[in-house]
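Results of the structural survey
The lines below spell out each chain.
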Amino acid sequence: MICNSQTAEGWHGKLNLVYADRQGKTQLIYNHQQAPLKVQRPFYPEGEICHSVILHTAGGVVGGDRLSSNIHLQPQAQALITTASASKIYRSNGLQARQTIQMQVDAGACLEWLPQETILFNGAIYRQDLRVELATGASCLGWEITRFGRTARGEKFYLGEWRSHTEIWQEGIPLWIDRQYLPGSEDIFHSPHGLAGKPIVGSLVWVGGAVSAEIVEKTRNLWDGEGEAGVSRLQHGLLCRYRGFSTSEVRNWFIDVWQLLRVSFLNRGNCIPRVWQV
């Protein structure tokens, strides 16, 4: 009965991480994890900034799986969080797979949330809810890159469903709310109001301070690809969008934008997480 129940309900992975500033160096002071989610030992390639890598030890997500993450940066903490590999959302058995991420960033803290791409197999049913609570003086930068179908095999996302809800709040005020929904169908896959035949989409958002017209122009000038890209200035940050055919194209652009924002707002240099270089 236990096996049958788990098969019907799927995995419920949990991750609870708390980061704190300790004499100018950020440490992971609390780590509670439940399979299949796990976090590696922190790295410090930049000295004081804590780099963390999240793993999904089951290899992929199936219908009925639930992933829940709570990430808290205490005052002045500085953390960069990424994932060990691309996330794979397998064809559904009829149940929705869901990931919920709650982030709290306290005063003076900065979170860089830079997961590797999510690959939705044709027939996947997946929803992600991400909510960030920023204190006054806090900042965050994050991106999401999604591939619809295993394009290397010629697969297209004609069946299934994808939902992505992202909210960033500061002291009870919404700074950015983004709700995306894409039902899998041949018409929507090829529609100019859907994917326009381009299987990869990406969003990068920075919230932490007013962005000048000069930064917006520099961000646009960093784009030199074949897909479609757009840059918008938010009231307290910057938004970049991508729709195209190449993961490396959007990722390289996002990395360039991330590095520009690091230099302009965080007084940090170029430091690529080593897990991306494997």
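Placed above this text is the structure.
This text gives an overview of the structure that appears in the document. (Residues numbered from 1 in each chain as written. Predicted model: local features only at pLDDT ≥ 70, side-chain atom pairs only at ≥ 80, totals over all residues. Heavy atoms only, no water.)

1. Let's talk about the overall build of the protein
A tally of regular secondary structure across the protein gives 4 helices and 17 strands. Taken against the 2.2 N^0.38 rule, which gives 19 Å for 278 residues, the C-alpha radius of gyration of the protein at 19 Å falls within 12% of a compact globule. With the C-alpha coordinates of the protein rotated into their principal frame, the extents come out at 50 × 50 × 40 Å. For the protein, restricting intrachain contacts to residue pairs at least 6 apart in sequence, the fraction spanning at least 24 positions comes to 71%. (Helix = DSSP H or I, 4+ residues; strand = E, 2+ residues; numbered from the N terminus. Rg over C-alpha atoms; globule rule 2.2 N^0.38 Å. Contact = heavy atoms within 4.5 Å.)

2. Things to note about the packing of aromatic side chains
Here the structure, examined in full by the defined rule, presents 12 aromatic pairs. Ring geometry for Tyr90 and Phe121: centres 4.9 Å apart, planes at 90°, overall edge-to-face. Taken as a pair, Tyr90 in the loop between strand 7 (87-89) and strand 8 (97-105) and Phe121 in the loop between strand 10 (118-120) and strand 11 (125-134) lie far apart in primary sequence, 31 residues in all. The partly exposed category is assigned to Tyr90, whose relative accessible area is 29%. Given the relative accessible area of 11%, Phe121 is considered buried. Measuring from ring centre to ring centre gives 5.1 Å for Phe148 and Trp162, while their planes differ by 85°; the resulting arrangement is edge-to-face. With Phe148 in strand 12 (residues 139-148) and Trp162 in strand 13 (residues 161-170), the pair connects residues that are 14 residues apart, well separated along the chain. A relative accessible area of 5% places Trp162 in the buried class. By way of ring pairs, the aromatic residues Trp143, Trp223, Tyr242, Trp253, Phe254, Trp258 and Trp276 are connected into one cluster. When the ring centre of Tyr44 is taken as origin, the NZ or CZ atom of Lys25, which lies over that ring, is 4.2 Å away. Between the NZ or CZ atom of Arg163 and the centre of the ring of Tyr181, over which it lies, the distance is 4.1 Å. (Phe/Tyr/Trp six-rings, centres within 6.5 Å; stacked < 30°, edge-to-face > 60°. Buried < 20%, exposed > 50% of the residue type's maximum accessible area, 1.4 Å probe, protein only. Lys NZ or Arg CZ within 6 Å of the ring centre and 35° of its normal.)

3. Section: the pairing of strand 14 (residues 173-183)
In this sheet, strand 14 lies alongside strand 13 in antiparallel orientation, the contact comprising 10 bridges. In the strand pairing of strand 14, Gln170 is matched with Ile173. (Pairing = 2+ DSSP bridges.)

4. Details of the side chain of Thr118
With respect to the helices, strands and loops of the structure, Thr118 is situated in strand 10. Looking at Thr118, the relative accessible area reads 12%, which means it is buried. Setting aside residues up to four positions removed in sequence, Thr118 forms contacts with Ser87, Ile89, Tyr126, Ile145, Thr146 and Arg147.

5. Examining the nonpolar core
In this structure, Tyr19, Leu73 and Leu134 are the most contacted members of the largest nonpolar core, which totals 44 residues. With 27 residues, the next largest nonpolar core counts Leu80, Tyr242, Val257 and Leu260 among its residues. (Core = buried A, V, L, I, M, F, W, Y, C linked by side-chain atoms within 4.5 Å.)

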